[in-house]
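# Reading the structure
Here are the chains, one letter per residue:
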Amino acid sequence: MSLLLFVAVTGLGGVAALAARRREGVAQLVGIVAMTVALVAALALRPGDTVDVAGQAFGLTLYSRNLVVLVTAGLLLATLIGVATAPARALAPAALLVLGASAATLAATEAPTALLLVVATGTLALLAAWDAERTRALPLVLARDLRATVVAGGLGIVAAAGIIQAGVQVAVPEALFGMAYVAMAGAVAIRFGTIPLHLWVGRMADVVPTVAVSLSTVIAPAVLALVALTWIDGAVFPFLLPLEVERATIVLLALLTLLLGAVAAWIQDDLEHLVGYSIAQDAGLVLLALAVVDTSAWIPGRIWIAVLVLVKIAFASWAHALSSAYGTRRIEDLRGWARRSPLLAVSLVVVAIATVGVPGILVWDVRATLVGLAVEWPLSIVAGVGAFAAVLYYGRLLLTGLGRPTESVASGVGERPVGITPASTDLPGRVHQARSLTQANRGLIAGLLTLAVALMSLAVAGGGFGIDQAAGGDGTVSGGYADTGGPEPGAGPTGAESASP
Amino acid sequence: MSPFLVAIAAVATAGAVLALAARDGRIATLGVAVALVLAPLVSDPLPEPAVLAVRVIGALLVAYVLWIGLRETGPATRGSAIGWPALALAAAAAFMAGLAGHSLVTARETPAAALAAGTALIVLGLIPVIRAREAFRLAVGLLVLLLGITLLRVGLAGSPGVLESVATAASLALLAAAGIVIANLAHADAGDFALRTPEPEPVRRRPPDEAHRARAHGPGSEVPAPPPDEASATDRASTTDRASATDRASATDTGDAPPADEGARR
């Protein structure tokens, strides 16, 4: 029942926020209130609390519940950052509807239903472009995103249907499994925009407000990846087929993405393009998880997907706060930003650590485990270099920030606190003062909020919020299809001691 | 193989051909509605009344969304570049291939007609989806493609349950809404549904002597700096070139040219 409540709250809240979009102040208020209520509803979600719909029991496991709570909290903070800096009126309605659809997808008990809901989730994510600037490129960019959504979902459905029918045959053709496996992994690759299927991602980051870009390019694809991970464990692994060529193809895609994605992000001059390519690059590790045809990659894969979602919400929020503060997206023009925005500088360092990790924290082990499971020496060296190449663009951003401030940065909105001296006694005066104070300190507020979401992502990357334990499941709580795979209960967070074929 | 199911599948496929070949958006919408309403009937056994009701309501919703979208823009579309006879032949070939291949690709007691119609609709839908030149045709193509995939799923793995039917109807309706919004955006920009790749800004090339002068006045140069007006003109030229170069690099990344007003946005 708690799941139904969450879906209802997000659905109604999303529609209400959408209806109020013409009046900016009202739209922001409705969006924040609806997101806050959605967070309360997410916290009220109980693992294993199922609801019977048309003969199927819908429910969430602890992992899915925690993921929904964390993403809702992250998007609430992102919405507040949007309100404090450059308005992104479409973020709250799009986020609410995507959250509801994602929860329903994670709770769906059959693969085809989950994959159809993935298509619906991706389509709803396009709402984030509702208040995008009306450039001539906008229809083309949105059309490409919609096409990627449908083609990816369609590939997944065909793959799932192919295996369902193949399961009843006496002599199972290996080629059929191979094609279905590649189709499912290809669906994830298309949806994340991994190289060389990345054509739409950079442009999407270009037209959608940066703070909202994670909806279409991270959250919706991540749900598909969770379904795909379970499908490979449940539908392909039990047949114990070698699938060497297919695995090699997926590993090749992953390596290309990890290496070229990092280079593409590194050389970008546009902050939003950099965010888009960084998302595509980190999705290379998701492909590595899909390249392992046994249950050992299930837990690290799920942990990485949770970290990826949170980290990219934080990174996109950081980019939005930075570009809004200094009125430019060109990295060259942002030289010296760290001197005027120390909170954002700390946030970037936190995001970088949460993404790449340092020895001793969970995400480091998870990334190393995924590389180790998917590829052998000497390719593991290449994959390892690619996996940690993200430091290139994070380092470049930080070094740029430490330089001598440009004119844009010098005249932008820094984080130094600003006070307002005259005190008013009447209520309208106090309200006006509060608004003025907020407006004057918007850089500081955005910095604090960005640091909060960055620290949240670091906590998840370090194994906080129980994600590492929940990712393995305990085998006693029933959930959706996406939660039904994996090794025997009790396997460690990096899945190293779990079953192999 | 039931002749009844084959006939329904053939009519649904004909609806899809009509949807993709028509130059009038309203006729295309009619074709989509025919395909969407008949598709759930290509099932053995016939679906439960609840499933049928969900799918028919979903189909009508899709048609309504497309219809009201067209009221804003007018119905004229480009239609198919290869014409309806070619589309019909491609669909017929795919239909026959699906019908004949059913026993080869599945051992289940699933309807061959669904596999046939699914194959035909996927082939039809892929044409405008791969060559996405017009927003309305892309929307119709994506609808036909997704419908074809759900039919293929029925042909391979059997009929879906109520919940999957609800998910199918919801996905199709959302897809139609998103597609028609994109079509209306394209129409508002240029007066038709074409998905245009914006032309790049003309690159201003500096004459060699100006470029040489700019280098000569750089740091460490002994050549005296030009007057302020001339210097700022040189700076402007340099900035323009740099911005254009960035745009060109970006366009190379994504396979298309940058929007014309991108420079202004930055």
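Structure's up top.
Computed from a predicted model, the values in this text were never measured in an experiment.

From N to C terminus, chain A includes 21 helices and two strands. For 501 residues, the compact-globule estimate of 2.2 N^0.38 gives 23 Å, and the C-alpha radius of gyration of chain A, at 22 Å, lies within 12% of that figure. Along the longest, intermediate and shortest principal axes, the C-alpha atoms of chain A span 85 × 50 × 45 Å. Split into buried and exposed, the 501 residues of chain A put 64% on the buried side. Contacts in chain A between residues at least 24 apart in sequence constitute 82% of all its contacts with a sequence separation of at least 6.

For chain B, the count of helices and strands is 10 helices and zero strands. Ordering the α and β elements of chain B from the N terminus gives α-α-α-α-α-α-α-α-α-α. Scored against the burial criterion, the 266 residues of chain B give a buried share of 50%. For chain B, contacts bridging at least 24 residues in sequence account for 74% of all contacts bridging at least 6. Working note: accessible area of chain B is about 12000 Å², and carbon and sulfur atoms make up 65% of it.

Note on pairing: side chains with opposite charge can pair once their charged atoms come close. Per the counting criterion, the structure on display carries seven salt bridges over all chains. In this structure, D269(A) engages R330(A) in a salt bridge whose closest nitrogen and oxygen atoms are separated by 3.0 Å. Of the two residues, D269(A) sits in the loop between α10 (244-267) and α11 (271-290) while R330(A) sits in the loop between α12 (298-326) and α13 (337-340), which places them 61 residues apart along the sequence. Taken individually, D269(A) and R330(A) each receive the classification buried, so the pair is uniform in this respect. A salt bridge links D24(B) to R26(B), with the nearest nitrogen and oxygen atoms 3.1 Å apart. Its relative accessible area of 22% is what places D24(B) among the partly exposed residues. One network of salt bridges, in which partners are shared, links D270(A), E272(A) and R329(A).

With that settled, consider the nonpolar core. All names here are of chain A. Counting residues in hydrophobic clusters, the biggest one holds 261 residues, and the most contacted among them are L215, W231, W318 and W337. In terms of residue count, the dominant contributor to this core is α12 (21 residues). Sequence-distant contacts of W231, that is, excluding residues within four places in its chain, are made with A111, A159, A160, I163, A180, Y181, M184, V236 and Y481.

A few words now on unusual backbone geometry. Cis peptide bonds are those with omega within 30 degrees of zero, and the linkage from I195(A) to P196(A) qualifies with 10°. Structurally, the position occupied by P196(A) is in the loop between α7 (174-192) and α8 (199-207). Omega for the bond connecting D44(B) with P45(B) falls within 30 degrees of zero, at 5°, which places this linkage in the cis form. Inspection of the secondary structure assignment puts P45(B) in the loop between α2 (25-38) and α3 (49-73). Positive phi is not limited to glycine here, since L243(A) has a value of about 50°. Mapped onto the secondary structure, L243(A) falls in the loop between α9 (213-236) and α10.

The next subject is the packing of helix α1 (residues 3-21) of chain B against helix α5 (residues 112-130) of chain B. Residue and element names in this part refer to chain B. Look at α1 against α5: their axes get within 9 Å of each other, and the N-to-C directions meet at 5°. The angle between α1 and α5 places the two elements in the roughly parallel class. Contacts between α1 and α5 pair L5, V6, A9, T13, A16, V17 and L20 from the former with A113, A117, A120, L121, L124, G125 and P128 from the latter. When its residues are assigned to classes, the contact of α1 with α5 shows 12 nonpolar, two polar and no charged.

Our next topic: the packing of aromatic side chains. Residue and element names in this part refer to chain A. One pass over the full model with this rule turns up six aromatic pairs over all chains. For the pair F315 and W318, a centre-to-centre distance of 5.7 Å together with 15° between the ring planes defines the contact as stacked. Of the two residues, F315 and W318 are both situated in helix α12; the distance of three residues between them amounts to about one turn of the helix. Of the two residues, F315 and W318, both sit in the buried class. For the cation-ring pair, R302 lies above Y63, with the distance from its terminal atom to the ring centre recorded as 4.0 Å. The ring centre of W298 lies 3.9 Å from the NZ or CZ of R302, which sits over that ring.

Residues and elements named next belong to chain A. Where α12 meets helix α14 (residues 342-356), the closest approach of the two axes is 10 Å, and the angle between their N-to-C directions is 160°. Classified by the angle between their axes, α12 and α14 sit roughly antiparallel to one another. The way α12 lies across α14 gives a crossing that is left-handed. Here W304, V307, V311, K312, A314, F315, W318, A321 and L322 of α12 lie close against α14, whose contacting residues are L344, S347, L348, V351, A354 and T355. For the contact of α12 with α14, the per-class residue count stands at 12 nonpolar, two polar and one charged.

Quick look at a nonpolar patch on the surface now. Residues and elements named next belong to chain A. Together, L252, L256, L259, L260, W377, L379, I381, V382 and V385 give the surface a local cluster of nonpolar side chains, amounting to about 840 Å² of exposed area. Of all elements in the fold, only α10 and α16 (379-387) reach the threshold of two or more residues within the nonpolar patch. Considering the arrangement of structural elements, one finds V382 in helix α16.

Spanning 19 residues, α5(B) covers 27 Å between terminal C-alpha atoms, matching the ideal 27 Å at 1.5 Å per step. Of all 19 residues in α5(B), 14 are buried, a share of seventy percent or more.

Before going further, it helps to spend a moment on the environment of G419(A). Assignment of secondary structure puts G419(A) in the loop between α18 (407-410) and α19 (427-440). Separated by 244 residues in the primary sequence, G419(A) and A175(A) have C-alpha atoms spaced 69 Å apart.

Rules used throughout
Residues numbered from 1 in each chain as written. Chains lettered and ligands numbered in written order. Predicted model: local features only at pLDDT ≥ 70, side-chain atom pairs only at ≥ 80, totals over all residues. Heavy atoms only, no water. Helix = DSSP H or I, 4+ residues; strand = E, 2+ residues; numbered from the N terminus. Rg over C-alpha atoms; globule rule 2.2 N^0.38 Å. Buried < 20%, exposed > 50% of the residue type's maximum accessible area, 1.4 Å probe, protein only. Contact = heavy atoms within 4.5 Å. Areas by Shrake-Rupley, 256 points an atom, 1.4 Å probe, with all protein chains shown as cover. Salt bridge = Lys/Arg side-chain N within 4 Å of Asp/Glu carboxyl O. Core = buried A, V, L, I, M, F, W, Y, C linked by side-chain atoms within 4.5 Å. Axes fitted to C-alpha atoms, helices over the stretch in contact; angles between N-to-C directions. Parallel < 35°, antiparallel > 145°, perpendicular 65-115°, else oblique. Nonpolar A, V, L, I, M, F, W, Y, C, P; charged D, E, K, R; others polar. Phe/Tyr/Trp six-rings, centres within 6.5 Å; stacked < 30°, edge-to-face > 60°. Lys NZ or Arg CZ within 6 Å of the ring centre and 35° of its normal. Left-handed = near helix turned anticlockwise from the far one by under 90°. Patch = residues over 30% accessible without salt bridge, like charges linked within 9 Å, V, L, I, M, F, W, Y side chains within 5 Å. Expected span 1.5 Å × (residues − 1).

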